[in-house]
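# Reading the structure
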Amino acid sequence: MEFGEGGLLQEPVSPGSQLVNSSVLSLAILAVLESEVPIDDSQTFLLLKNVFLQINPRFSSIMVQGVDEKNKQWKRVEVNLEDHVHVPIFPSGMSLESYDTYFDEYITKIASETFPQSRPLWELHLFKYPTSHAAGQIIFKIHHALGDGYSLMGALLSCLQNAQNPSLPLTFPSLKGAKNETNSRSRVFEFVPKIFSAVINDAWDLCWSILKGTWVEDDRTPIRSGVDGVEFRPLSVSTLMLPIEEIKLIKNKLGVTINDVISGTIFLGIRMYIQEMDNEKSSSQNCTALVLLNSRLAAGYKSVQEMLIETNKSWGNRIVFLPVTVPKSSEVTKPLDFVWEAHNIIKRQRNSSSWYLTTRLLDILKKFRGPECLAITAMSYMGKLRIAFEAEKGFIDTNVLQACLKDAFRVICEAANEFPIK
């Protein structure tokens, strides 16, 4: 990658990266790596210098104002690794439960802190104490402006080696779509009404997205305080584990996706939490989830080198913001209806072109209302689905919220047992 005068990268900061690193919105990714053995940090600085910083110039760059004063560019700087590596100190000889508490409090603390714009937007935190989950934990805090989940997972995997032959790159099974055997005449009759329906749906979705992003507010509920400056209030971070095999079983029985099952569980759990905390109006209150959707047409894993040399350069932020209405319990009464409703809403939004127009318009307006009181992220590995909650401390009771999510998953499992596997 070439550098211009003053160390500026020739590639400007993408609109998506500028959108998530502005005065009204700042998004960071917290990635926790759990170790089965105690952490040995003797090679930390060497690995960061020789491996991590070499992955992409953005890890050693800062975001600066461009020449036209409207757009920003990446500027390469010298990286002082000591500014980016943090090793917290706690009392020794404590119980696992005590270190669980210390870990939760520590990750809550760093989640609430913003990145200094004067140095590259990443940090490494080494929690060298045993918890009930691991012998030690490595926390990467990386700003979303550096890349989305697809890019950063590609960066992580690019640091790994093939277990059978370290000289070979990592490989994963490719995704192959099924062939369409429908004849051309029948496809025409199906295509025309779909186009007409898509135009209407796109227009409606675009108008609704603009209204939700500018003028129309949700009701004040137990998950939305509606107070000014909520983004500056203390946060609490907690996690919940669910068995991925049971989620797959529900998915196969209902003929939906894993994401549909997860979304339906979260929607039902949120409604159950609202009802638990405020039963009077809980069934009819308006709630909207802002879903971050990957807009790539990815066919599988790509190394960082492949992302950077492609014509369209798939490294970066290919995320779009979709406002999705959380189904009301006054309208959706059965547990599985929340899953099917999530399936229908997200499928329609994903197939709509309104997400692109909405994101472009929000980029122009730069008008976000700021973070809400609750953020939920889900990731699966080692046969478990871990759901992470970032909630406004003192306003949302995360213990009650987790209990509601568990109850929601339980009743969805019980309802799905009546269906045969498709």
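Let me sum up the structure you'll find in this document.

How each quantity is defined
- Residues numbered from 1 in each chain as written.
- Predicted model: local features only at pLDDT ≥ 70, side-chain atom pairs only at ≥ 80, totals over all residues.
- Heavy atoms only, no water.
- Core = buried A, V, L, I, M, F, W, Y, C linked by side-chain atoms within 4.5 Å.
- Buried < 20%, exposed > 50% of the residue type's maximum accessible area, 1.4 Å probe, protein only.
- Helix = DSSP H or I, 4+ residues; strand = E, 2+ residues; numbered from the N terminus.
- Salt bridge = Lys/Arg side-chain N within 4 Å of Asp/Glu carboxyl O.
- Phe/Tyr/Trp six-rings, centres within 6.5 Å; stacked < 30°, edge-to-face > 60°.
- Lys NZ or Arg CZ within 6 Å of the ring centre and 35° of its normal.
- Patch = residues over 30% accessible without salt bridge, like charges linked within 9 Å, V, L, I, M, F, W, Y side chains within 5 Å.
- Areas by Shrake-Rupley, 256 points an atom, 1.4 Å probe, with all protein chains shown as cover.

## Examining the nonpolar core
Of all hydrophobic cores here, the largest spans 44 residues; its most connected members are I223, I247, I250 and I396. Elements with a minimum of two residues in this core: β8 (235-243), α6 (244-254), α7 (258-277), β10 (319-325), α9 (335-350), β12 (384-392) and α11 (398-416). Core analysis: the next-biggest nonpolar cluster, separate from the first, contains 29 residues, L53, W74, W122 and L152 among them.

## Description of the pattern of salt bridges
In the structure shown here, the tally under the stated rule is six salt bridges. The residue R386 makes a salt bridge to E34 at a minimum N-O spacing of 2.7 Å. Taken together, the positions of R386 in strand β12 and E34 in strand β2 (residues 28-35) put the pair 352 residues apart, joining distant regions of the chain. Residue R386 is classed as buried on the basis of its relative accessible area, which comes to 14%. With its nearest N and O atoms 3.3 Å apart, the salt bridge here joins E414 to R410. Here R410 and E414 lie together in helix α11, a separation of four residues that amounts to about one turn. R410 gets classed as partly exposed once you look at its relative accessible area, which sits at 41%. In the salt-bridge network here, residues are joined through shared partners; they are D407, R410 and E414.

## A few points about the packing of aromatic side chains
Two descriptors summarise a pair of aromatic rings, namely the distance from one centre to the other and the angle between the planes of the rings. All chains considered together, the criterion is met by twelve aromatic pairs. Here the aromatic rings of F103 and F127 are separated by 5.2 Å at their centres, their planes lie at 85°, and the arrangement is edge-to-face. Note that F103 is positioned in helix α3 (residues 96-112) and F127 in strand β6 (residues 122-127), a separation of 24 residues in sequence. Like F127, F103 is buried. Among the aromatic residues, those joined into a cluster by ring pairs are F90, Y99, Y102, F103, Y106, F127 and Y129. A cation sits over an aromatic face here: K141 above F115, 4.9 Å from the ring centre.

## Quick word on a nonpolar patch on the surface
Together, L33, M153, L156, M379, Y381 and M382 make up an exposed nonpolar region whose accessible area comes to about 590 Å². Residue assignment for the nonpolar patch shows that the elements contributing at least two residues are α4 (149-158) and β11 (374-381). Exposure remark for M382: the relative accessible area of 76% places this residue in the exposed category.

Everything listed here is a matter of geometry and, on its own, says nothing about what the molecule does.
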